[in-house]
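Structural features, examined
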Amino acid sequence: MRASSSTGPRSSSSPSSDGPAAVHLVVLLHGLFGSPKHVAYLAKALEREAAARLERQSDDEACPKLVVLVAQSNGLSSAHLYDGIDVCAARVVEEIDAEVERIERQGGRVERFSMVGCVSHFPARLDLLCRLLESAYPS
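Residues numbered from 1 in each chain as written. Predicted model: local features only at pLDDT ≥ 70, side-chain atom pairs only at ≥ 80, totals over all residues. Heavy atoms only, no water.

1. So, the overall build of the protein
- Each helix and strand counted, the protein has three helices and three strands in total.
- In sequence order, the secondary structure elements of the protein are arranged as β-α-β-α-β-α.
- Expressed as a percentage of its 139 residues, the buried residues of the protein come to 35%.
- Summarising the internal contacts of the protein: among those between residues at least 6 apart in sequence, 76% fall at separations of at least 24.
- Total accessible area computed for the protein in this model is approximately 8100 Å², and 54% of it derives from carbon and sulfur atoms. (Helix = DSSP H or I, 4+ residues; strand = E, 2+ residues; numbered from the N terminus. Buried < 20%, exposed > 50% of the residue type's maximum accessible area, 1.4 Å probe, protein only. Contact = heavy atoms within 4.5 Å. Areas by Shrake-Rupley, 256 points an atom, 1.4 Å probe, with all protein chains shown as cover.)

Pasting the structure below:
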């Protein structure tokens, strides 16, 4: 599920006719014993800031479209949290892949990527997630 469950992901700009729209994909992850609801406030804050920045930008300034993805796969059941770092990370990578494909189908191209997460057991999960993403999308 994305930041906005009823209307899809929220964004700060619309695609242009000059080619694929630049997208900044921000993925929010909760920590151990957390749920997607725990990072919902952060998603809304990012979206508010992106909307305010869009209003302030001039026509010359190209600001990438902001898409916030709140990772859901490991928050569906607390039992999923104990599947191991590699399995949990693989689920998140699948969500990210699906979101990137959706963005591309709608005429966008992910040019910036950020991940934000809660502290608890997140460093180990982040390390593995970065390795999986690097193997899927080499620099």
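2. What about the sheet that holds strand S2 (residues 65-70)?
- One open sheet holds the three strands; their spatial order is S2-S1-S3, and the pairing between them is parallel. The two strands at the open ends of the sheet, each matched to only one other strand, are S2 and strand S3 (108-117). Shown here is a sheet whose adjacent strand axes are inclined to one another by a mean of 25°, direction ignored.
- Where strand S1 (residues 21-29) meets S3, nine bridges bridge the pair, whose relative direction is parallel. Paired with Leu 29 across the two strands is Gly 117, which belongs to S3.
- Seen against the sheet, helix H1 (residues 40-56) touches S1, S2 and S3 and runs at an angle of roughly 175° to S2. (Pairing = 2+ DSSP bridges. Axes fitted to C-alpha atoms, helices over the stretch in contact; angles between N-to-C directions.)

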